[in-house]
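Secondary and tertiary structure notes
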Amino acid sequence: MKRTHFVLITDRGGHLHNALMLMEQLKQSPQAIITTLGPDIDSLEAEGLSVYRLPHLFKWFGKLRVLNPFSMAFHLMKAFSLALKLRPAKVVSLGASNVVPFCFWAKLLGAQIYHIECMNQVKNPSITAKLLFPICQDIYVQWDELLTQFGSKAKYAGWVL
């Protein structure tokens, strides 16, 4: 089965917007974009991009985030099937918890994982970065203060966005 060279995975909304801005700045185009369900996905497909949707891991009730075991099981199976289908060589991750399962599956299938830490994380790593740290090739931080949190895996080149 043919490997996909480069996959971008992110949550919809602000993370997706930032990821697309970054790809534009780098003049890179991923062979596939994986993101969570949302209204901004249709416009990406209209541009001819290969977009795959993952269901959300959590359900929000106002500000309360609840883990639904059925949604989580579906998410894990969908992430696995996408990793098998795409077999990425490299995965660039921006975003929250919804990106973690796919990254782990892709790593098990031989992908190199790169995570870009959210700009909001100034002194402490996000939960996503903590979860992805063991499998990441590199973690790109946008604040100098985060370099010590990740050791040699951390890269800092100023603000990414």
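Note: the structure precedes this text.
Rules used throughout
- Every residue gets a number counted from 1 within its own chain, in the order that chain's sequence is written.
- In keeping with the model being predicted, local features are shown solely for residues with a pLDDT of at least 70 and side-chain atom pairs are shown and tallied solely at 80 or more, while totals for entire chains, interfaces and linings include all residues.
- Each side-chain value is derived from all of the structure's non-hydrogen atoms; neither hydrogens nor water enter the calculation.
- Runs of E in the DSSP output that reach at least two residues are strands. Runs of H or I that reach at least four are helices, and both are numbered from the N terminus.
- When a carboxyl oxygen of Asp or Glu lies within 4 Å of a side-chain nitrogen of Lys or Arg, that pair is called a salt bridge.
- Partly exposed residues are those whose accessible area sits between 20% and 50% of the maximum for their type, while under 20% is buried and over 50% is exposed, using a 1.4 Å probe and protein chains only.
- Put simply, a nonpolar core is a bunch of buried Ala, Val, Leu, Ile, Met, Phe, Trp, Tyr and Cys residues held in one set by side-chain atoms that sit within 4.5 Å of each other.
- Any two residues whose heavy atoms approach within 4.5 Å at even a single point are treated as in contact.
- The criterion for strand pairing is that DSSP finds at least two bridges linking the strands in question.
- Between N-to-C directions, angles cover 0 to 180 degrees, with each direction set by a line fitted to C-alpha atoms, over the stretch in contact for helices.

Let's talk about unusual backbone geometry
At arginine 87, a residue that is not glycine, the phi angle is positive and equals roughly 40 degrees. Turning to its location among the elements, arginine 87 is positioned in the loop between α3 (69-86) and β6 (88-94).

As for the pattern of salt bridges
Pairs can form between side chains of opposite charge whenever their charged atoms are close. What the rule picks out here adds up to 1 salt bridge. Here aspartate 138 and lysine 155 are joined by a salt bridge, their closest N and O atoms 3.5 Å apart. With aspartate 138 in strand β8 (residues 136-141) and lysine 155 in strand β9 (residues 154-156), this pair connects stretches of sequence that are 17 residues apart. When its relative accessible area of 31% is taken as the criterion, lysine 155 is described as partly exposed.

Quick notes on the nonpolar core
By size, the foremost hydrophobic cluster in this structure holds 26 residues, and its most contacted members are Ile9, Ile34, Val91, Phe102 and Ile113. Beyond its immediate stretch of four places on either side in the chain, phenylalanine 102 contacts Val7, Ile9, Ile34, Ala79, Leu82, Ala83, Pro88 and Val91. Judged by nonpolar contacts, the second largest core, of 14 residues, contains Leu8, Ala19, Leu22 and Leu44.

Considering the sheet that holds β6
Ordered in space as β3-β2-β1-β6-β7-β8-β9, the 7 strands form an open sheet in which the pairing is parallel. Unpaired on one side and paired on the other, β3 (51-54) and β9 mark the two borders of the sheet. Sheet twist, expressed as the average angle between the axes of neighbouring strands with direction ignored, equals 20 degrees. Examined bridge by bridge, strand β1 (residues 4-10) and strand β2 (residues 32-36) share 3 bridges and lie parallel to one another. Pairing of isoleucine 9 across the sheet is with isoleucine 34, part of β2. Contacts between helix α1 (residues 14-26) and the sheet are confined to β1, β2, β6 and β7 (112-116), with β1 contributing the most and set at about 140 degrees to the helix. Each of β1, β2, β6 and β7 touches helix α4 (residues 100-108); the most contacted strand, β6, lies at about 160 degrees to it.

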